[in-house]
Amino acid sequence: MRYIVGDIGGTNIRLADAVWAGGHFELQHERVIPSRDHDGLDEVLAEYAARSRADSACLGVAGPVNDNVCRTTNLPWLLDGAALAKASGLRQVRLVNDLEAAAWGLDALEEDDYVVLHAGEPVARANQSVVAAGTGLGEAARVWCGAGYRPLGSEGSHADFAPATELDFSLLQWLANRYGAHVSWERVVSGPGLVDLHAFLREAGGRPVPRWLLQAMEENDPAAAIATAAQGERDPVCIEALDLFIRHFGREAGNHALKLMSLGGVYLTGGIAPKLSSRFAEAGFLDAFWDKGRMRELMRRMPVYLVVNENLALYGAACCARAAGLGR
C-alpha cells in the first residue's frame, strides 16, 4: 500500500510517499517546496508523481473542501481533485481540509511525538479537538463513532475575534481599520497575526522597530524574526507580542475545546506552536485556555498536548487515504 501524501499550506507544499509497512506508515522521498513560487499545484504534483510508484494521492489543503474542490484561504489557488489527477497522471487525488488530515494523523502518534502541557482527566472515547497555528489558524474535531474516531474539518478560526481586555478592544479596532469590519481569530493567532500584534504594540506605545530587527524581518520570515527576538529576550515589544499571541492562542483553543466538550484531549500543532513550547507556561497559555468563567473546572479536566512531530498532516493524509480505500 503506497500513496502520495501532501500538506498544502500557505507557506510550503510538503509531499511524500507514504508506505504501509509493519502495521504503520513510513514516509519516503519527502519534499518541501515554497508555495508562493508556483501559480498552482498541477505542475508540482505532476513532477512528483512522475518519480513515485504510487497511483493515488491524498492531500491536506488549507481551506474548505467541498466535493473534492478547494479554494485555498491563504493562496490564490482553486484546487480540483479530478483535475489534479488528470494533470498528474494519477488514478485518484483526494482533497481533505489540512486540519482534518492532522486529526487523522493523531492515530499515528507515538509518545515522543507530543509533549503533555496539562495531564487533565482524560475520558475514553470523548471528543477531541485539534488546533494549529501557522500561516493561518486551523481547527478540527475528532468524534467517536463506535469503531474509532472520525475527524471533522472546520473553518472555525474565521469566527469573530472576541476582545476581553481594554488592550484587546484597541487591537480589534486597529485590525478592523486594516482589514475591514470582520476580524477573525486567524487575524490574531497565526504567523501574519503575530506580525500584526507586533506592529500594533509598536504603534500603540510609540516604540520604533530597532534597525537590527527590521533587517531580520526583511531578510527572513517576519514572524520567525519576532519570535526569535522574543525567545532570546532581545526586545521587550517582541516579548509582549509573542506572549499576547500565546495567550490568544490559549483563549481560542479553549473556545474550540469548550464547544466540543473535548474531554478526550486537545492537541496543538502547526508550524508555530512546537517552536514555542518552552514559553507556553511563562506566557500563560493554560490560564487563558481555562479562563471560561463558570466552565473553568470543566476546562481544567481537559488534557492538553503539544504535537512536536512536524509530519502530522502527512501521516494523517495517509491514514485518511487508507480509511477511504483509496487506490483499491
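Here, every reference points to the structure presented above.
Residues numbered from 1 in each chain as written. Predicted model: local features only at pLDDT ≥ 70, side-chain atom pairs only at ≥ 80, totals over all residues. Heavy atoms only, no water.

S.K.: Even after reading the chapter, I still don't get the overall build of the protein, so can you show me in this structure?
M.R.: Scanning the protein from terminus to terminus reveals 12 helices and 14 strands. Its C-alpha atoms give the protein a radius of gyration of 20 Å, near enough to 20 Å, the size a compact globule of 328 residues would have. When its C-alpha atoms are laid out on the principal axes, the protein stretches across 60 × 45 × 35 Å. For the protein, the residues scored as buried account for 52% of the 328 residues in total. Looking at the protein as shown, the accessible area adds up to about 15,000 Å², and 48% of this sits on carbon and sulfur atoms. Distance from the positive charge centre (31 side chains) to the negative charge centre (41 side chains) of the protein: 3 Å. (Helix = DSSP H or I, 4+ residues; strand = E, 2+ residues; numbered from the N terminus. Rg over C-alpha atoms; globule rule 2.2 N^0.38 Å. Buried < 20%, exposed > 50% of the residue type's maximum accessible area, 1.4 Å probe, protein only. Areas by Shrake-Rupley, 256 points an atom, 1.4 Å probe, with all protein chains shown as cover. Lys, Arg positive; Asp, Glu negative; His and termini not counted. Charge placed at Lys NZ, Arg CZ, Asp CG, Glu CD.)

S.K.: Would you explain the sheet that holds strand β2 (residues 12–21) in this entry?
M.R.: Within a sheet, adjacent strands bond to each other through the backbone by hydrogen bonds, running parallel or antiparallel. Ordered in space as β3-β2-β1-β4-β8, the five strands form an open sheet in which the pairing is mixed. Two strands bound the open sheet, and with one partner strand each, they are β3 (24–34) and β8 (92–97). Mean inter-strand twist for the sheet, computed between neighbouring axes without regard to direction, equals 20°. Two strands pair when backbone bridges link them, and strand β1 (residues 2–8) and β2 are joined in this way by seven bridges, in the antiparallel orientation. Within β2, the position partnered with Val 5 by the bridge is Ala 16. (Pairing = 2+ DSSP bridges. Axes fitted to C-alpha atoms, helices over the stretch in contact; angles between N-to-C directions.)

S.K.: I tried to follow the pairing of strand β14 (residues 304–307) on my own but got confused; where do I start?
M.R.: Successive side chains on a regular strand alternate, one facing one side of the sheet and the next facing the other. Residues Val 304 and Leu 306 line one face of β14 and the alternating positions Tyr 305 and Val 307 line the opposite face, and both faces are buried. Relative to β14, strand β9 (residues 114–118) runs antiparallel, the two being bridged by four bridges. What sits directly across from His 118, in β14, is Val 304.

S.K.: In this structure, what is going on with the packing of helix α6 (residues 211–219) against helix α7 (residues 222–231)? I would like to understand it.
M.R.: Geometrically, a packed helix pair is captured by the angle between its two axes and the distance between the axes. Close contact between α6 and α7 brings their axes to 7 Å; oriented N to C, the two are set at 140°. The pairing of α6 with α7 is recorded here as oblique in orientation. For α6 against α7, the interelement crossing comes out right-handed. Together, Trp 212, Leu 213, Ala 216 and Met 217 of α6 and Pro 222, Ala 225, Ile 226 and Ala 229 of α7 make up the contact between the two elements. The residue makeup of the contact of α6 with α7, split by class, is eight nonpolar, no polar and no charged. (Parallel < 35°, antiparallel > 145°, perpendicular 65-115°, else oblique. Left-handed = near helix turned anticlockwise from the far one by under 90°. Contact = heavy atoms within 4.5 Å. Nonpolar A, V, L, I, M, F, W, Y, C, P; charged D, E, K, R; others polar.)

S.K.: Whenever I open this one, the nonpolar core confuses me. Can you help?
M.R.: In a soluble, globular protein the nonpolar side chains are often hidden away together inside. Of all hydrophobic cores here, the largest spans 52 residues; its most connected members are Phe 245, Phe 249, Leu 268, Phe 285 and Phe 289. No other element matches helix α8 (residues 236–260), which puts 11 residues into this core. In contact with Phe 245, other than residues within four places in its own chain, are Ala 133, Val 188, Val 189, Ser 190, Leu 194, Leu 197, Ile 272 and Leu 276. The next biggest cluster of nonpolar side chains, apart from the first, holds 23 residues, and it includes Val 44, Cys 70, Ala 85 and Leu 90. (Core = buried A, V, L, I, M, F, W, Y, C linked by side-chain atoms within 4.5 Å.)

S.K.: Sorry, what's going on with the environment of His 24 here?
M.R.: With respect to the helices and strands, His 24 occurs in strand β3. C-alpha separation for the pair His 24 and Cys 319, spaced 295 residues apart in sequence, amounts to 9.2 Å. At a separation of 3.3 Å, a polar atom in the side chain of His 24 contacts the main-chain carbonyl oxygen of Gly 22. (Polar contact = N/O pair within 3.5 Å; in protein donor to acceptor, adjacent residues only side chain to side chain.)

S.K.: Mind showing me how you'd approach the sheet that holds strand β6 (residues 69–71) here?
M.R.: In space, the three strands of this open sheet follow the order β5-β6-β7, with antiparallel pairing throughout. The outermost strands of the open sheet, each flanked by one partner alone, are β5 (65–66) and β7 (78–80). Here β6 runs beside β7; their pairing, made up of three bridges, is antiparallel. Residue pairing across strands places Arg 71 opposite Leu 78, the latter belonging to β7.

S.K.: I'm lost on unusual backbone geometry in this one. Help?
M.R.: Trans peptide bonds make up the majority, and among non-glycine residues the majority have a negative phi. We note that His 29 has phi near 55°; this positive angle belongs to a residue other than glycine. When you line up the elements, His 29 lands in strand β3. Judged by its relative accessible area of 54%, His 29 falls in the exposed class. Positioned with a positive phi, Asp 67 is a non-glycine residue whose angle comes to about 55°. Looking at where Asp 67 falls in the secondary structure, it is placed in the loop between β5 and β6. Asp 67 sits in the exposed class, given a relative accessible area of 71%.

S.K.: How should helix α1 (residues 42–49) be read in this particular structure?
M.R.: Count 3.6 residues to each turn of an α-helix, and residues three or four apart come out pointing the same way. Considered for burial, the residues of α1 that qualify are Val 44, Leu 45, Tyr 48 and Ala 49. Summarising the axial view, the buried residues of α1 lie within an arc of 125°, below the 170-degree limit, and thus occupy one face. The secondary structure elements touched by the buried residues of α1 are β1, β2, β3, β4 (56–61), α2 (81–88) and β8. (Arc of directions from axis to C-beta.)

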